[in-house]
Amino acid sequence: MDRVSAFDEPLKKLLGGATAKVMAEHLDLHTVGDLLHHYPRRYEERGRLTALTDLPLDEHVTVVAQVADARVLTFNGGRGKRLEVTLTDGHGRLQLVFFGHGVHKPHKDLLPGRRAMFAGKVSVFNRKMQLAHPTYQLLDAADDDEAGASEAVDAFAGKLLPIYPACKQLDSWRIAKAVDAVLPSAREAVDPLPEALREGRGFTSLPEALLKIHRPQTKADVAAARDRLKWDEAFVLQVALARRRFADTQLPAVARRPAPGGLLDAFDAKLPFTLTDGQLKVSKEIFDDLATEHPMHRLLQGEVGSGKTLVALRAMLAVVDAGGQAAMLAPTEVLAQQHHRSVTEMMGELAEGGMLGGSDQGTKVVVLTGSMGTAARRQALLDLVTGEAGIVIGTHALIEDKVKFHDLGLVVVDEQHRFGVEQRDALRSKGKQPPHLLVMTATPIPRTVAMTVFGDLETSVLDQLPAGRSPIASHVVPAKDKPHFLTRAWERVREEVENGHQAYVVCPRIGDDEDDAGKKKGKKKTAEEEATADKRPPLAVLEIADQLSKGPLSGLRVEVLHGRMQPDAKDDVMRRFAAGEADVLVATTVIEVGVNVPNATAMVIMDADRFGVSQLHQLRGRVGRGSAPGLCLLVTEAHEASPARARLSAVAATLDGFELSRIDLEQRREGDVLGQAQSGVRSSLRVLSVIDDEEVIAAARQEAVTVVAADPELEHLPELRTALDALLDKEREEYLEKG
């Protein structure tokens with residue numbers, strides 16, 4: 001077998017079709033290499049019991065524990081049987097439940113005092129944590145069966161027991177067996193680290209690291225393996241990013257320097273406030289980049305409401321001053337219209353270049369979205385191709401072939417993670433030479449994530465709020481435990497409206513024709529389904545709006561806004577709300593980004609536990625944008641001890657987005673941060689933690705820059721190239737580009 005092909009071998013050759021199919025469908029593992037890189041999540045020591053006290057709800061877990069007691073109960077007048085088993089680990093207790101015909105074997109196996117490994121999904125029933133129908137493997141033989149002591153004892157005695165990230169269809173111990181089958185191939189592993197680097201840092205070889213992470217003899221084995229594998233992940237990713245940055249510096253671009261006494265100076269002179277120190281510092285970084293002859297690639301991250309749009313607008317004006325055009329790409333039509341309104345308001349007569357009453361120094365600012373009328377669209381396209389319009393704000397309609405620019409000099413992308421690689425590139429290809437690129441995000445990103453997710457961009461941070469911003473008070477409203485708190489929440493909304501202000505109510509779902517889980521007709525649930533029934537469907541905009549209008553907010557002007565409305569209708573609702581013609585806006589997260597109504601002071605987020613930390617922070621940033629203090633109420637039915645409640649309490653406790661993004665990272669499962677969270681693609685990071693490994697990432701970045709500067713094509717490092725190709729298959733390539 002040659003050195004590469006051992007890892008590329010499809011799993012079905014070694015494991016059989018059924019197991020390989022489950023691995024492919026549920027764990028995204030297809031080859032021997034994939035499985036060898038599917039590392040244990042943790043290790044159990046024989047004789048040490050797992051803490052049952054901190055099991056995550058709704059997660060698939062593997063626990064090692066002892067049976068405390070087991071009893072069979074009957075229900076339905078003796079027709080149904082249920083086996084309840086209580087486990088203990090000396091600290092906490094956990095209930096197992098088996099139903100119907102499934103009770104016989106566990107009733108025989110799970111006698112008090114027996115120890116076993118159990119795998120299943122953690123749910124809550126009658127306020128107790130439980131596993132319904134878990135799979136299990138006994139770890140010690142029955143006392144009367146010493147001779148036929150189970151294989152499990154031999155396999156696990158005295159060893160560290162690897163616990164793999166598993167799924168309902170495949171338990172951790174079955175994955176361990178599959179790993180045993182492919183482990184000999186680990187010796188074929190191609191080592192991506194340059195030898196000098198590996199020896200200089202005292203790392204173990206890659207084959208040895210793989211053997212040690214899957215089958216460690218000691219904790220020191222695990223530590224050595226993790227250190228080595230962490231470095232591989234950080235280093236290969238940073239080399240990919242360093243090569244991208246290096247390639248960008250080789251591209252030509254037109255330097256854009258603002259003309260003295262031009263549009264930018266005229267705009268600054270009419271600003272009714274002074275820029276914050278942060279805005280001045282970040283603007284300087286951007287202007288320095290724009291003045292160079294290769295394209296700027298800069299990430300501007302700023303707190304909700306830190307004035308990013310103003311900084312981006314000044315960069316756009318600088319480019320227009322220098323004879324170029326600037327395009328701002330927004331993720332939704334609502335947001336494109338909103339940006340267009342706020343930019344033209346800030347610019348005043350400077351946005352009316354060539355129009356009656358416009359300024360001589362001005363330029364035209366046009367908006368371009370998919371739902372525009374033909375005449376307006378034709379005019380906008382004409383203004384772009386002639387160069388009449390210096391600034392265009394639009395959705396991905398800007399990317400279509402028909403859109404031609406006179407001289408595109410700068411692309412500003414709002415909320416980067418909503419745009420794919422193809423879109424960013426398509427817009428960049430519209431310049432005669434690659435335009436400068438400024439990416440804005442209102443989701444504060446910890447430094448380590450910025451170095452990995454946005455590693456091909458230089459980063460600027462705005463962390464100062466402009467003067468005049470009001471504080472936002474946030475509170476958790478436990479609707480189930482304390483219904484009177486919810487009643488009081490609606491009273492508070494009424495009080496805000498009576499004081500001349502407005503409010504948002506946010507729900508996770510739209511409602512109406514969506515398929516509601518749990519409303520499947522004609523099928524009676526079994527006792528087992530009842531016990532493990534999923535939570536009710538998330539609350540919906542249309543239902544809540546209706547309930548509020550008829551109930552606690554009757555008499556107020558309640559409007560709805562959601563993503564399935566026609567673009568004109570959405571814009572109409574937003575305009576009316578901004579003009580104060582509606583009191584309460586019941587919406588989905590379409591209002592999450594960029595919506596700016598200074599008179600809105602209160603926000604009630606229903607089912608708040610269904611949103612992520614950074615999303616809640618984004619949503620909350622929609623209130624307190626004027627001079628009156630903001631109020632954000634997080635309504636939840638999650639019980640007090642749950643991780644969901646802890647998350648909401650963390651959001652309520654701080655307005656610091658960077659602190660929250662750190663909490664968010666700590667609470668997510670590994671791989672999530674760079675996978676689903678950022679790009680919808682499985683993360684390539686398995687042991688590297690963007691939370692804890694800042695030093696590793698920073699050091700790897702430095703080494704990567706050195707390696708790429710010396711050998712951009714990696715001609716002398718074929719193994720590193722191989723690892724890079726594996727990382728940058730189609731998915732990863734997109735994931736890197738999307739950020």
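Summary of the structure given here. The model shown is predicted, which means the values in this text are computed figures rather than measured ones.

**Re the packing of helix α14 (residues 333–347) against helix α21 (residues 567–578)**
Packed helices, taken two at a time, are described by the angle between their axes plus the distance between the axes. Viewed as axis vectors pointing N to C, α14 and α21 meet at an angle of 45°, and their least axial separation amounts to 9 Å. The pairing of α14 with α21 is recorded here as oblique in orientation. Classified by chirality, the crossing of α21 by α14 is right-handed. Residues Glu333, Val334, Gln337, Gln338 and Arg341 of α14 form the contact with α21, whose participating residues are Pro567, Lys570, Asp571, Met574 and Arg575. Its residues assigned to classes, the contact of α14 with α21 comprises 3 nonpolar, 2 polar and 5 charged.

**As for the sheet that holds strand β15 (residues 458–462)**
Here we have 7 strands laid out as an open sheet, ordered β11-β12-β10-β13-β14-β9-β15, and parallel in their pairing. The sheet terminates laterally at β11 (364–368) and β15, the two strands that pair on one side only. Strand-to-strand twist in this sheet, taken as the mean axis angle between neighbours without regard to direction, amounts to 20°. Note: strand β10 (residues 325–329) against strand β13 (residues 408–414), 5 bridges, orientation parallel. Opposite leucine 329, over in β13, you have valine 413 as the bridge partner. Docked against the sheet, α14 engages β10, β11, β12 (389–394) and β13, running at close to 170° with respect to β11.

**Details of the sheet that holds strand β18 (residues 558–561)**
Overall, parallel pairing links the 6 strands, which are arranged β16-β21-β20-β17-β19-β18 in an open sheet. Both outer strands of the open sheet, β16 (472–478) and β18, are each paired with one neighbouring strand and no more. Adjacent strand axes in the sheet meet at a mean angle of 20° when their direction is disregarded. In this sheet, strand β20 (residues 600–605) lies alongside strand β17 (residues 502–506) in parallel orientation, the contact comprising 5 bridges.

**Describing the packing of aromatic side chains**
If you walk through the whole model with that rule in mind, you get 5 aromatic pairs. Measuring from ring centre to ring centre gives 6.2 Å for phenylalanine 118 and tyrosine 136, while their planes differ by 40°; the resulting arrangement is tilted. Highlighted residues: phenylalanine 118 in strand β5 (residues 115–125) and tyrosine 136 in strand β7 (residues 135–138), separated in sequence by 18 residues. For the pair shown, phenylalanine 118 and tyrosine 136 are each scored as buried.

**Observations concerning the pattern of salt bridges**
Taken as a whole and assessed by the stated rule, the structure comprises 34 salt bridges. Ionic pairing is found between arginine 82 and glutamate 84, a salt bridge with its closest N-O pair at 3.1 Å. Residue arginine 82 is classed as partly exposed on the basis of its relative accessible area of 23%. Classification of glutamate 84 as buried rests on a relative accessible area of 14%. Between lysine 105 and aspartate 109 there is a salt bridge, with its nearest N and O atoms 2.7 Å apart. Placement of the pair is lysine 105 and aspartate 109 together in helix α5 (residues 104–109), with a separation of 4 residues, close to one helical turn. Residue aspartate 109 is classed as buried on the basis of its relative accessible area of 12%. Counted as one network, the salt bridges with shared partners bring together Arg488, Glu491, Arg492, Glu495 and Glu496.

About the thresholds
Residues numbered from 1 in each chain as written. Predicted model: local features only at pLDDT ≥ 70, side-chain atom pairs only at ≥ 80, totals over all residues. Heavy atoms only, no water. Axes fitted to C-alpha atoms, helices over the stretch in contact; angles between N-to-C directions. Helix = DSSP H or I, 4+ residues; strand = E, 2+ residues; numbered from the N terminus. Parallel < 35°, antiparallel > 145°, perpendicular 65-115°, else oblique. Left-handed = near helix turned anticlockwise from the far one by under 90°. Contact = heavy atoms within 4.5 Å. Nonpolar A, V, L, I, M, F, W, Y, C, P; charged D, E, K, R; others polar. Pairing = 2+ DSSP bridges. Phe/Tyr/Trp six-rings, centres within 6.5 Å; stacked < 30°, edge-to-face > 60°. Buried < 20%, exposed > 50% of the residue type's maximum accessible area, 1.4 Å probe, protein only. Salt bridge = Lys/Arg side-chain N within 4 Å of Asp/Glu carboxyl O.

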